[in-house]
Amino acid sequence: MKLAERMSRIGTESAFEVLARARALEAQGKSIIHLEIGQPDFPTPQHIKEAGKKAIDDGWTGYGPTAGFPEVREAIAEYISRTRGITVSGSNVCIVPGGKPIMYFLMTAILEPGDEVIYPNPGFPIYESLVDFLGAKRVPMPLVEERGFSFDLTTFEQALSPKTKLVVLNSPGNPTGGVIPKDDLKRIADLVRDRDLVVLSDEIYSRIFYEEAPESITQFDGMLEKTVILDGFSKTYSMTGWRLGYGVFPAWLTTAIERLMVNSNSCTASFTQRAGLAALQGPQDAVDVMVKEFRRRRDAIVAGLNSIPGFRCSTPAGAFYAFPNITGTGMSSKALEELLMTEAGVSCLSGAAFGEYGNGYMRFSYANSLENIEEALNRIRRVSSRWT
Ligand SMILES: Cc1ncc(COP(=O)(O)O)c(C=O)c1O
């Protein structure tokens with residue numbers, strides 16, 4: 001039987017494919033250093049694990065309310081209000097299994113075929129995939145290396161049209177590690193405030209930054225009514241496998257999102273939500289320790305990549321990715337990904353996996369030990385004679 005036509009338009013996240021390939025090579029005995037996957041290599045903090053285990057023992061194993069337990073939604077609303085300098089309530093929060101469903105639900109809820117979506121490119125591949133899947137129109141916004149991988153605001157202004165239904169922002173960003181400066185957010189807010197569109201502000205890396213704390217566009221006048229904040233526990237608390245994320249929605253969107261949630265998941269795992277509550281309300285030092293370690297690795301990998309002929313790497317201000325420009329090697333990103341995997345034993349991602357403007361770049365996740373990062377850099381240096 002043939003699949004539905006729309007399935008020919010859905011994309012994927014190649015990090016998972018490259019990871020599977022690397023594991024297959026390892027199974028054949030090859031040594032591979034993993035710098036491809038975007039998940040912190042730290043364990044979930046002990047007090048959060050204990051809360052999850054206790055929740056199972058205490059019977060938090062059945063269905064819960066579709067949008068999440070009220071006390072967890074309240075705790076999230078309090079956290080978001082405090083960290084973003086805004087006022088939202090638990091009724092604005094929908095808890096879902098990870099950050100990704102928020103993209104899926106929001107786009108399904110608002111996009112009609114032909115609606116235009118402005119999104120960062122290179123950017124998280126699922127934005128583009130869902131735009132295609134839903135028959136909407138791609139309006140990729142090139143990120144500019146010289147601007148710390150923010151948009152060019154004139155290009156952004158020119159891309160806005162009466163058909164623009166959604167603008168996606170992601171700061172700190174995947175794959176570049178770029179943080180959108182506050183002045184840019186203010187300008188973007190000024191440009192979209194009076195338009196009939198929604199902003200999806202993907203803030204999943206909000207706690208992983210090295211310079212000034214990232215700002216949220218929701219702080220600007222009129223933006224809270226038209227912005228959805230996506231955040232979650234995956235990166236901040238090293239909880240990728242727990243599947244716990246949330247969206248903070250304007251009131252007019254919450255019923256639609258809950259409807260999609262009840263049609264797909266019923267609810268998010270109950271014991272996972274209890275662990276999330278412990279994460280928000282418990283000590284935060286594990287986050288500080290993780291970010292401190294990421295900073296050490298960031299400094300090491302950026303310096304190391306800059307010492308490799310043909311590579312030029314700016315210093316990312318957030319997340320845990322280095323995104324060097326590799327045009328100096330004369331190779332395509334895809335060919336370099338292949339060479340590094342097969343000949344150097346370093347698994348990383350072609351920038352083109354994040355969209356057309358990612359060509360000429362590579363993404364290295366530094367969610368791996370400093371020792372492994374140094375070894376990966378040595379391995380890349382050794383094979384660099386192939387392009388010098
Ligand atoms: C920019 C961005 N948004 C959202 C997500 C999704 O996170 P989750 O694993 O919580 O679904 C990721 C994960 O890599 C990401 O990089």
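Further up the page is the structure itself.
Okay, so let's go over this structure. (Residues numbered from 1 in each chain as written. Predicted model: local features only at pLDDT ≥ 70, side-chain atom pairs only at ≥ 80, totals over all residues. Heavy atoms only, no water.)

## Some words on the nonpolar core
Then step 1. Grouped together as the largest cluster of nonpolar side chains are 88 residues, with contacts concentrated most on Leu 166, Leu 340 and Phe 364.
Then step 2. Residues in contact with Leu 340, not counting those within four places in the same chain, are Gly 345, Val 346, Cys 348, Phe 364, Ile 380, Val 383 and Trp 387.
Then step 3. Formed by 25 residues, the second largest nonpolar core is a distinct cluster that contains Leu 143, Phe 156, Leu 191 and Val 192. (Core = buried A, V, L, I, M, F, W, Y, C linked by side-chain atoms within 4.5 Å. Buried < 20%, exposed > 50% of the residue type's maximum accessible area, 1.4 Å probe, protein only. Contact = heavy atoms within 4.5 Å.)

## Some points on the site of the ligand
Then step 1. Gly 99, Asp 202, Tyr 205, Ser 234 and Lys 235 are the nearest of the 14 residues found near the ligand.
Then step 2. Within the backbone of Lys 100, one N or O atom sits 3.0 Å away from an oxygen atom of the ligand.
Then step 3. Separating an oxygen atom of the ligand from a side-chain N or O atom of Tyr 205 is a distance of 2.7 Å.
Then step 4. Against a free-state accessible area of 390 Å², the protein chains account for coverage of 94% of the ligand.
Then step 5. Its residues placed into classes, the shell around the ligand shows 5 nonpolar, 5 polar and 4 charged. (Near = heavy atom within 4 Å. Polar contact = N/O pair within 3.5 Å; in protein donor to acceptor, adjacent residues only side chain to side chain. Areas by Shrake-Rupley, 256 points an atom, 1.4 Å probe, with all protein chains shown as cover. Nonpolar A, V, L, I, M, F, W, Y, C, P; charged D, E, K, R; others polar.)

## Concerning the sheet that holds strand β10 (residues 321-322)
Then step 1. With antiparallel pairing, 3 strands are arranged side by side in an open sheet as β10-β13-β12. Each end of this open sheet is capped by a strand with a single partner; those strands are β10 and β12 (349-350).
Then step 2. Note: β10 against strand β13 (residues 362-365), 2 bridges, orientation antiparallel. Residue pairing across strands places Ala 322 opposite Phe 364, the latter belonging to β13. (Pairing = 2+ DSSP bridges. Helix = DSSP H or I, 4+ residues; strand = E, 2+ residues; numbered from the N terminus.)

## With respect to the pairing of strand β8 (residues 227-232)
Then step 1. Within β8, 6 of the 6 residues are buried, leaving the element largely enclosed by the surrounding structure.
Then step 2. Alternating positions in β8 separate into two faces, Thr 227, Ile 229 and Asp 231 on one and Val 228, Leu 230 and Gly 232 on the other, with burial throughout.
Then step 3. Bridge analysis of strand β7 (residues 198-202) against β8 gives 4 bridges, and the strand direction is parallel. Residue Asp 202 lies in a different strand from β8, and its bridge partner there is Leu 230.
Then step 4. Sheet topology note: the β8/strand β9 (residues 245-248) ladder contains 4 bridges and is antiparallel. Bridge pairing in β9 links Ile 229 to Val 248.

## What about the environment of Ala 159?
Then step 1. Tracing the sequence through the fold places Ala 159 in helix α6 (residues 153-159).
Then step 2. Placed 123 residues apart in sequence, Ala 159 and Gly 282 show a C-alpha to C-alpha distance of 44 Å.
Then step 3. The contact partners of Ala 159, leaving out residues within four places of it in the chain, are Glu 116, Ile 118, Val 139, Met 141 and Thr 164.

## Remarks on the packing of aromatic side chains
Then step 1. Summed over the entire model, instances satisfying the criterion amount to 17 aromatic pairs.
Then step 2. Seen in terms of ring centroids, Phe 149 and Phe 323 are 5.6 Å apart; in terms of plane orientation they differ by 80°. Their pairing is edge-to-face. Placement of Phe 149 in the loop between β4 (137-144) and β5 (150-151) and of Phe 323 in the loop between β10 and α11 (333-344) is noted, with a sequence separation of 174 residues between them. With respect to class, Phe 149 is no different from Phe 323; both count as buried.
Then step 3. A network of ring pairs unites the aromatic residues Phe 42, Tyr 205, Phe 294, Phe 320, Tyr 321 and Tyr 366 as a single cluster.
Then step 4. Here Arg 274 stacks its cationic end above the ring of Trp 60, 3.8 Å away from the centre of that ring. (Phe/Tyr/Trp six-rings, centres within 6.5 Å; stacked < 30°, edge-to-face > 60°. Lys NZ or Arg CZ within 6 Å of the ring centre and 35° of its normal.)

## What about the packing of helix α1 (residues 14-27) against α11?
Then step 1. Their axes nearest at 11 Å, the elements α1 and α11 cross at an angle of 25°. One element, α1, and the other, α11, form an angle in the roughly parallel class. In terms of crossing hand, the pair formed by α1 and α11 is right-handed. Judged by residue contacts, Val 18, Arg 21, Ala 22 and Leu 25 of α1 engage Glu 337, Glu 338, Met 341 and Thr 342 from α11. (Axes fitted to C-alpha atoms, helices over the stretch in contact; angles between N-to-C directions. Parallel < 35°, antiparallel > 145°, perpendicular 65-115°, else oblique. Left-handed = near helix turned anticlockwise from the far one by under 90°.)

## Describing the packing of α11 against helix α12 (residues 370-383)
Then step 1. At a closest axis distance of 10 Å, the pairing of α11 and α12 adopts a crossing angle of 105°. On the basis of their axis angle, the class for α11 and α12 is roughly perpendicular. From α11, Leu 340, Glu 343 and Ala 344 reach across to α12, where they touch Arg 379, Ile 380 and Val 383.
Then step 2. Here the residues of the contact of α11 with α12 are counted per class, giving 4 nonpolar, no polar and 2 charged.

## Remarks on α12
Quick reminder: α-helices carry 3.6 residues per turn. Residues three or four places apart thus point the same way.
Then step 1. Its 14 residues give α12 an end-to-end C-alpha distance of 20 Å, which sits within 8% of 20 Å, the value for a rise of 1.5 Å per residue.
Then step 2. Among the structural elements, β1 (33-34), α10 (285-306), α11, β11 (346-347) and β13 are those in contact with the buried residues of α12. (Expected span 1.5 Å × (residues − 1).)

## Focus: the sheet that holds β4
Then step 1. The strand order β2-β9-β8-β7-β6-β3-β4-β5 describes an open sheet built from 8 strands, whose pairing is mixed. Two strands lie at the open edges of the sheet, namely β2 (93-96) and β5, each paired on one side alone.
Then step 2. Where strand β3 (residues 116-121) lies against strand β6 (residues 164-170), 3 bridges are found, and the strand directions are parallel. Across the sheet, the residue bridging to Ile 118 is Val 167, located in β6.

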